[in-house]
Amino acid sequence: MKKKGTIPSLLIIIVCIALAVSIFIQQQKIKLALETFHPIKLHALRHQTDMGIGLTEKITIGAIGDILIHGVVYQDALKGNRYNFDPIFENVKSLLEKPDIVTANQESLLGGIELGLSTYPLFNSPHEVADALEHTGVDIVSTANNHSLDRGEKGVDSEAAYLDKIGLPYVGSFVDEKDKEKLRIIEKNGIKIAFLSYTYGTNGIPIPAGKDFLVNLINRDLMKDEIHRAKKEADVVVMSIHWGVEYQRIPNNDQKDLANFLANEGVDVIFGSHSHVLQPMEWIKTKDGRKTFVVYSLGNFISGQTNDYKDIGGLATIDITKHISEKGESIELSNPVFDPTFVSSQSFKNYRVVPLGNAGSFGLPNADGKYKEIQAHMTQWLR
Ligand SMILES: [Zn+2]
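Each residue is numbered by its place in its chain's sequence as written, counting from 1. With the structure being a predicted model, the display of local features is reserved for residues of pLDDT at least 70 and the display and counting of side-chain atom pairs for 80 or more, all residues being used for whole-chain, interface and lining totals.

K.L.:
Even after reading the chapter, I still don't get the overall build of the chain, so can you show me in this structure?
P.N.:
Segments assigned H or I by DSSP are reported as helices when at least four residues long, segments assigned E as strands when at least two residues long, and all are numbered from the N terminus. Within the chain, the regular secondary structure consists of 10 helices and 16 strands. With C-beta atoms placed from the backbone, a residue is buried if 20 or more other C-beta atoms are within 10 Å of its own, exposed if 12 or fewer are, and partly exposed between those counts. Within the chain, the proportion of its 383 residues that are buried is 41%. Contacts are defined on C-beta atoms placed from the backbone: any two residues whose C-beta positions lie within 7 Å are in contact. Looking at the chain alone, contacts between residues at least 24 apart form 71% of all its contacts between residues at least 6 apart.

K.L.:
Would you mind going over the pairing of strand 9 (residues 236–242) with me for this structure?
P.N.:
On a regular strand, each side chain points to the face opposite its neighbour's, so the side chains alternate between the two faces of the sheet. Burial within strand 9 is extensive, with 7 of its 7 residues counted as buried. The side-chain alternation of strand 9 yields two buried faces, one formed by V236, V238, S240 and H242 and the other by V237, M239 and I241. Looking down the strands as they point away from you, a crossover is right-handed if its path from the first strand over the helix to the second goes clockwise. In this view, the connection linking strand 8 (residues 191–199) to its parallel neighbour strand 9 by way of helix 8 (residues 220–233) has right-handed handedness. Handedness of the crossover joining strand 9 and strand 10 (residues 269–273) through helix 9 (residues 253–265): right-handed.

K.L.:
For this particular structure, what's the right way to read the nonpolar core?
P.N.:
Nonpolar side chains in soluble globular proteins tend to be buried together. Structurally, a nonpolar core is described as a collection of buried Ala, Val, Leu, Ile, Met, Phe, Trp, Tyr and Cys residues joined by way of C-beta atoms within 7 Å. Within the largest apolar cluster, 92 residues are counted, with the highest numbers of intra-cluster contacts made by I193, L196, V237, V238, V269, I270 and I302. In terms of residues, this core owes the most to one element, strand 8, which gives 6 residues. Residue contacts for I270: discarding those within four places in its chain leaves M239, I241, A259, L262, T292 and V294.

K.L.:
Would you explain helix 5 (residues 128–136) in this entry?
P.N.:
Two residues of an α-helix separated by three or four positions point the same way, owing to the 3.6 residues in each turn. Taken together, the buried positions of helix 5 are occupied by E128, V129, A130, A132, L133 and T136. Once helix 5 ends, the next one or two residues include G137, with phi positive near 120 degrees.

K.L.:
Would you explain the sheet that holds strand 9 in this entry?
P.N.:
What links the strands of a sheet is backbone hydrogen bonding, and the strands pair in either a parallel or an antiparallel sense. Strand pairing follows a simple DSSP-based rule, namely that at least 2 bridges must link the two strands. The strand order across the open sheet formed by 6 strands is 7-8-9-10-12-11, and the pairing between neighbours is mixed. Lying at the two open borders of the sheet, with one neighbouring strand each, are strand 7 (184–188) and strand 11 (278–285). Adjacent strand axes in the sheet meet at a mean angle of 20 degrees, parallel and antiparallel pairs treated alike. Of the pairings in the sheet, the one linking strand 11 to strand 12 (residues 291–298) comprises 7 bridges and is antiparallel in character. Residue pairing across strands places L278 opposite L298, the latter belonging to strand 12. Contacting strand 7, strand 8 and strand 9, helix 8 crosses the sheet at an angle of about 170 degrees to strand 8. Between the N-to-C directions of two axes lies an angle of 0 to 180 degrees, each axis being a line fitted to C-alpha atoms and, for a helix, fitted only over the stretch in contact.

K.L.:
Hey, could you run me through the pairing of strand 12 in this one?
P.N.:
Within strand 12, 7 of the 8 residues are buried, which leaves it mostly tucked inside the rest of the structure. Where strand 10 and strand 12 come together, 3 bridges link them in parallel fashion. Paired with F271 across the bridge in strand 12 is V295. In sequence, strand 11 turns back onto strand 12 through a hairpin of 5 residues, with G289 there showing a positive phi of about 85 degrees.

K.L.:
Just checking my understanding: could you explain the packing of helix 5 against helix 6 (residues 152–166) for this structure?
P.N.:
To describe two helices that pack against each other, one gives the angle between their axes and the distance between the axes. The N-to-C vectors of helix 5 and helix 6 enclose an angle of 35 degrees; their axes lie 10 Å apart at closest approach. Considering only the axes of helix 5 and helix 6, their crossing is right-handed. Here helix 5 contributes A130, D131 and E134 to the contact with helix 6, which in turn contributes Y162, L163 and I166. Considered class by class, the residues forming the contact of helix 5 with helix 6 number 4 nonpolar, no polar and 2 charged. For a crossing to be left-handed, the near helix must be turned anticlockwise from the far one by less than a right angle; the clockwise case is right-handed. Amino acids outside the nonpolar list (Ala, Val, Leu, Ile, Met, Phe, Trp, Tyr, Cys, Pro) and the charged list (Asp, Glu, Lys, Arg) are all regarded as polar, and Gly is one of them.

K.L.:
Would you mind showing me how to read helix 9 here?
P.N.:
Any helix carries an expected span of 1.5 Å times its number of residues minus one. With 13 residues, helix 9 should cover 18 Å at 1.5 Å per step; its first-to-last C-alpha distance of 18 Å lies within 8% of that length. Those residues of helix 9 that fall on the buried side of the exposure criterion are Q255, L258, A259, L262 and A263. Take helix 9 and look down its axis: the buried residues cluster within an arc of 140 degrees, on one side only. Those residues of helix 9 that are exposed and angled more than 90 degrees off the buried face are N253 and D257. Buried residues along helix 9 sit against helix 8, strand 9, strand 10, strand 11 and strand 12. Looking at the residues trailing helix 9, positive phi occurs at G266, about 125 degrees. Comment: arc refers to directions from the helix axis out to C-beta atoms.

K.L.:
Could you clarify how one ought to interpret unusual backbone geometry in this entry?
P.N.:
Note: most residues except glycine have negative phi, and most peptide bonds are trans. Following Y120, the chain continues into P121 via a peptide bond in cis, with omega recorded as 5 degrees. Structurally, P121 can be placed in the loop between strand 4 (101–105) and helix 5. Despite not being glycine, N350 shows a phi value in the positive range, around 60 degrees. Structurally, N350 is set in strand 16 (residues 349–355).

K.L.:
Any chance you could explain the confidence of the model for the chain here in plain terms?
P.N.:
Close inspection of predicted coordinates is inappropriate for parts of the model with low pLDDT. pLDDT measures how confident the predictor is about each residue, on a scale from 0 to 100. Considering every residue of the chain, the mean pLDDT works out to 90; 86% of them sit at 70 or more. Note on residues 1–5: pLDDT under 50 across the span, and 0 contacts to partners over four residues away in sequence or across chains. Long-range and interchain partners of residues 28–50, a stretch whose pLDDT sits below 50, account for 18 contacts in this model, where long-range means more than four residues apart.

K.L.:
Sorry if this is basic, but what is going on with the environment of E134 here?
P.N.:
Relative to the assigned elements, E134 resides in helix 5. C-beta crowding within 10 Å serves as the criterion here: with 15 such atoms nearby, E134 is assigned to the partly exposed category. For the pair E134 and L163, spaced 29 residues apart in the sequence, the C-alpha separation amounts to 9.9 Å.

K.L.:
Hey, could you run me through the environment of A161 in this one?
P.N.:
With respect to the helices, strands and loops of the structure, A161 is situated in helix 6. On the basis of neighbour count, A161 is assigned to the exposed category, with 12 C-beta atoms found within 10 Å. On a C-alpha basis, the gap between A161 and H127 in space is 10.0 Å, while along the polypeptide they are 34 residues apart.

K.L.:
Is there a simple way to think about the environment of A130 in this case?
P.N.:
Residue placement: A130 occurs in helix 5. Classification of A130 as buried rests on a count of 25 C-beta atoms within 10 Å. Apart from the residues within four sequence positions on either side, A130 is in contact with L110, Y162, L163, I166 and L168.

Encoded structure:
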């Protein structure tokens with residue numbers, strides 16, 4: 001019995017080795033060809049699928065909601081004479097570092113201490129918030145929202161100068177026309193992602209005359225132009241948008257209508273914010289047969305707000321695959337995932353953003369049940 005089994009096994013092993021060697025030689029040949037003629041595309045070999053006939057690249061992008069730094073939060077971050085927000089995010093660092101690119105909505109203006117810190121209704125937060133976001137895995141911040149002009153032009157300029165200094169890109173509010181015209185495109189694994197950002201308004205604070213560049217206001221004609229411009233430069237267009245009604249857990253018809261418009265103009269991914277509570281995720285089918293992924297609202301990621309879902313946020317992610325073949329290039333979106341988070345604090349101190357599933361060990365009763373409830377809420381339109 002044993003002898004009968006040995007010869008076929010040996011044969012299988014020999015065939016396998018022969019196959020592996022031939023595949024290796026083939027790959028070396030292709031590698032050499034690419035090195036000779038297209039050295040710039042060498043990175044694509046990592047995801048090679050069809051032995052030189054087609055190539056695919058894949059990345060994951062994600063977004064978190066409002067970074068809304070109330071007075072209680074920046075007071076908690078004051079250690080000695082300096083602000084340090086890193087501990088607030090230490091429990092979600094591994095989560096935010098997983099996607100290739102993460103964007104956040106910087107809701108409270110980061111004007112820094114020179115302008116005098118302030119809380120609701122006219123926010124001004126320490127510059128150091130940006131350091132913590134960068135340390136935690138955020139790659140770009142969206143700065144168009146109803147608090148963009150809380151400290152006027154000075155605030156926008158101070159925030160932009162600091163973000164430039166630490167190398168954290170921003171989009172949505174700008175220092176001048178040239179800054180506004182410059183598309184924010186981040187490239188990863190050969191996939192170019194353009195980030196755009198718009199807000200419904202600025203809490204009634206008028207934009208200074210002749211300075212429309214300060215903040216992007218929702219305007220279908222202007223958005224359409226920028227989407228088309230971004231589409232020419234990038235593979236994927238991501239729109240961060242500040243819209244909807246505060247504390248509403250379901251998007252209204254205006255949001256749905258605008259999402260449809262953006263999708264049909266070419267936006268691939270829409271990350272919404274403003275409601276301070278989570279609103280569900282959805283696929284939108286476009287007239288040209290594409291699929292746009294929308295998260296209607298990402299809620300608060302960090303804030304001093306509590307109760308009624310205002311202390312629950314999360315990270316939404318989507319996979320982007322770029323297929324390159326003789327027929328051309330195409331983009332495929334897949335695998336939407338939502339990882340809920342919770343803002344833990346004790347008597348307005350010790351603020352920590354933690355994964356909702358683990359929030360029980362941070363004092364949240366029935367964390368498991370809440371995790372399931374939030375997952376069901378966010379995915380209700382995906383099923
Ligand atoms: Zn807002």
